[in-house]
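Chain by chain, the residues:
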Amino acid sequence: MNSPHSTTAADTLAQRANYLEVANIAALAAGEVLQACWGKLESIVEKGRPGDLVTEADKQAEAVILEVLRQHFPEHSILAEESGQYGATDAKYLWAIDPLDGTTNYAHQYPFSAASIGLLIDGVPTVGAIYDPFHRELFSGALGLGATCNDKPIHVSSVAKLAQSLLVTGFAYDRRETADNNYQEFCYLTHVTQGVRRAGAASIDLAYVACGRLDGYWERGLSPWDLAAGVAIVEAAGGIVTAYDRTPFDIRSGRILATNDRLHEELSQTLLHVAQIEPWSWLKP
């Protein structure tokens, strides 16, 4: 496998710039759909797990994204949250799409959601575009090309100590049933940092790490479409993304530790030493 920062005859920086431009176009188009459907939802359905919602906005935004990608790159494979897989998941070029990251927020008219479009090249998150239509912010980036927000360069923060950091996390849909949750981590890190946020949209969490608003992010139970775009943008902005134990990031694992690099080791060591809380399924409303 090629280094994510290398170029080959089949993947030049100029080609990555082209992929990024198309991803931006698709993300902005999806954002228009999300704005148009805002507050007008007629159907909100759970997809099998409590709190895992889908709406007509998800489906309409995904259709727009797919149309743009197929028009420009008909030979590329696609992994889309709502409509599934097109082509091989081990293809050289695989687009991972979340048309509406933060569906629960959106369904409750809490304005913290985004369209997220990432391109994996040889399995490596390489290009990403994340559009937050409510704050009109387009985060985008590609390895070797840097990262931007609304065309202005962005970079991760310079915070070097956990005690001076502002972190973010999220909670998996199966958090009620499994001991593999991050409740205790959330509580502990809330005490030893300047704060831990929980916003409910992994793509924006990663975008905020990329632009320095947040210093680190960890979460488990995620899907490739939650992570692909944000990982590419964080790394393009100078950040680092790994597994909790600082081994190489595996997008299929659903686990991520993303930071500004300076506090990566300290946050990793903390996560590895915090005990987990047993499932809280016994709790009743």
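As the structure is a computational prediction, the values presented were derived from the model and not from experiment. (Residues numbered from 1 in each chain as written. Predicted model: local features only at pLDDT ≥ 70, side-chain atom pairs only at ≥ 80, totals over all residues. Heavy atoms only, no water.)

**Student:** Even after reading the chapter, I still don't get the packing of aromatic side chains, so can you show me in this structure?
**Tutor:** Aromatic ring pairs are described here by two measures, namely the spacing of the ring centres and the angle between the planes. Applying the stated rule across the entire model yields 10 aromatic pairs. Where Trp38 meets Tyr106, the ring centres are 5.2 Å apart and the plane angle is 70°; that geometry is what we call edge-to-face. Of the two residues, Trp38 sits in the loop between helix 1 (13–37) and strand 1 (44–46) while Tyr106 sits in helix 3 (residues 103–107), which places them 68 residues apart along the sequence. Ring geometry for Phe112 and Tyr208: centres 5.9 Å apart, planes at 85°, overall edge-to-face. Note that Phe112 is positioned in the loop between helix 3 and strand 6 (114–121) and Tyr208 in helix 5 (residues 202–210), a separation of 96 residues in sequence. Following the ring pairs from residue to residue traces out a cluster consisting of Tyr19, Phe73, Tyr93 and Trp95. Residue placement shows Arg70 over the ring face of Tyr86; its charged tip is 4.3 Å from the ring centre. (Phe/Tyr/Trp six-rings, centres within 6.5 Å; stacked < 30°, edge-to-face > 60°. Helix = DSSP H or I, 4+ residues; strand = E, 2+ residues; numbered from the N terminus. Lys NZ or Arg CZ within 6 Å of the ring centre and 35° of its normal.)

**Student:** In this structure, what is going on with the sheet that holds strand 5 (residues 93–101)? I would like to understand it.
**Tutor:** Hydrogen bonding along the main chain pairs the strands of a sheet, whether they run parallel or antiparallel. Across the sheet, 8 strands lie side by side as 4-3-5-6-7-8-9-10; this open sheet has mixed pairing. Two strands lie at the open edges of the sheet, namely strand 4 (84–86) and strand 10 (152–153), each paired on one side alone. Where strand 6 and strand 7 (residues 124–132) come together, 7 bridges link them in antiparallel fashion. By the bridge assignment, Ala115 is partnered in strand 7 with Tyr131. On top of the sheet, helix 5 reaches strand 5, strand 6, strand 7 and strand 8 (137–142); it is set at about 100° to strand 7, its chief contact. Each of strand 3 (77–80), strand 5, strand 6, strand 7, strand 8 and strand 9 (146–149) touches helix 6 (residues 224–236); the most contacted strand, strand 7, lies at about 100° to it. (Pairing = 2+ DSSP bridges. Contact = heavy atoms within 4.5 Å. Axes fitted to C-alpha atoms, helices over the stretch in contact; angles between N-to-C directions.)

**Student:** Looking at this structure, how should I read helix 2 (residues 56–72)?
**Tutor:** Since the α-helix advances by 3.6 residues per turn, residues separated by three or four positions end up pointing in the same direction. Look at helix 2: 25 Å from first C-alpha to last across 17 residues, which is about the 24 Å you get at 1.5 Å a residue. Taken together, the buried positions of helix 2 are occupied by Glu56, Ala57, Asp58, Ala61, Glu62, Ile65, Leu66, Val68 and Leu69. For helix 2, the capping residue at the N-terminal end is Thr55, with a side-chain oxygen 3.1 Å from the backbone nitrogen of Ala57. (Expected span 1.5 Å × (residues − 1). Buried < 20%, exposed > 50% of the residue type's maximum accessible area, 1.4 Å probe, protein only. Polar contact = N/O pair within 3.5 Å; in protein donor to acceptor, adjacent residues only side chain to side chain.)

**Student:** How should the sheet that holds strand 12 (residues 196–197) be read in this particular structure?
**Tutor:** The mixed open sheet is built from 5 strands, whose spatial order is 12-11-13-15-14. Strand pairing shows two members of the sheet lacking a second neighbour, strand 12 and strand 14 (240–242), which therefore form its edges. Of the strand pairs in this sheet, strand 14 and strand 15 (residues 256–259) are connected by 3 bridges, and their pairing is antiparallel. Within strand 15, the residue paired with Ile240 across the bridge is Thr259. In this fold helix 5 packs onto strand 11 (167–169), strand 13 (216–219) and strand 15, with an angle of close to 155° to the strand it touches most, strand 13. In the packing of helix 6 onto the sheet, the strands contacted are strand 14 and strand 15, and the crossing angle to strand 14 comes to about 135°.

**Student:** For this particular structure, what's the right way to read the pairing of strand 13?
**Tutor:** Side-chain positions along a regular strand alternate between the two faces of the sheet. Burial along strand 13 is two-sided: Gly216 and Trp218 and Tyr217 and Glu219, pointing in opposite directions, are all buried. Note that strand 11 and strand 13 share 3 bridges and pair parallel. Within strand 13, the residue paired with Leu167 across the bridge is Gly216. Judged from the 4 bridges that link them, strand 13 and strand 15 form a sheet pairing that is antiparallel. By the bridge assignment for strand 15, Trp218 is matched with Leu257.

**Student:** Sorry, what's going on with the state of the cysteines here?
**Tutor:** Two cysteines whose sulfur atoms are joined by a covalent bond form what is called a disulfide. Summed over the entire model, instances satisfying the criterion amount to 0 disulfides. The thiol sulfur of Cys149 is not disulfide-bonded, and the nearest other cysteine sulfur, from Cys211, lies at 6.3 Å. (Disulfide = S-S within 2.5 Å.)

**Student:** Explanation requested: the nonpolar core in the structure shown.
**Tutor:** Grouped burial of nonpolar side chains is what soluble globular proteins tend to show. Counting 40 residues, the largest nonpolar core has Phe139, Ile154, Tyr217, Leu227 and Ile256 as the members making the most contacts within it. Taken together, the elements giving at least two residues each to this core come down to strand 5, strand 6, strand 9, helix 5, helix 6 and strand 15. The element that contributes the greatest number of residues to this core is helix 6, accounting for 8 residues. When sequence neighbours within four positions are dropped, the list of residues in contact with Leu227 reads Leu206, Leu222, Phe249, Ile251 and Ile256. (Core = buried A, V, L, I, M, F, W, Y, C linked by side-chain atoms within 4.5 Å.)

None of this, on its own, says anything about what the molecule does.
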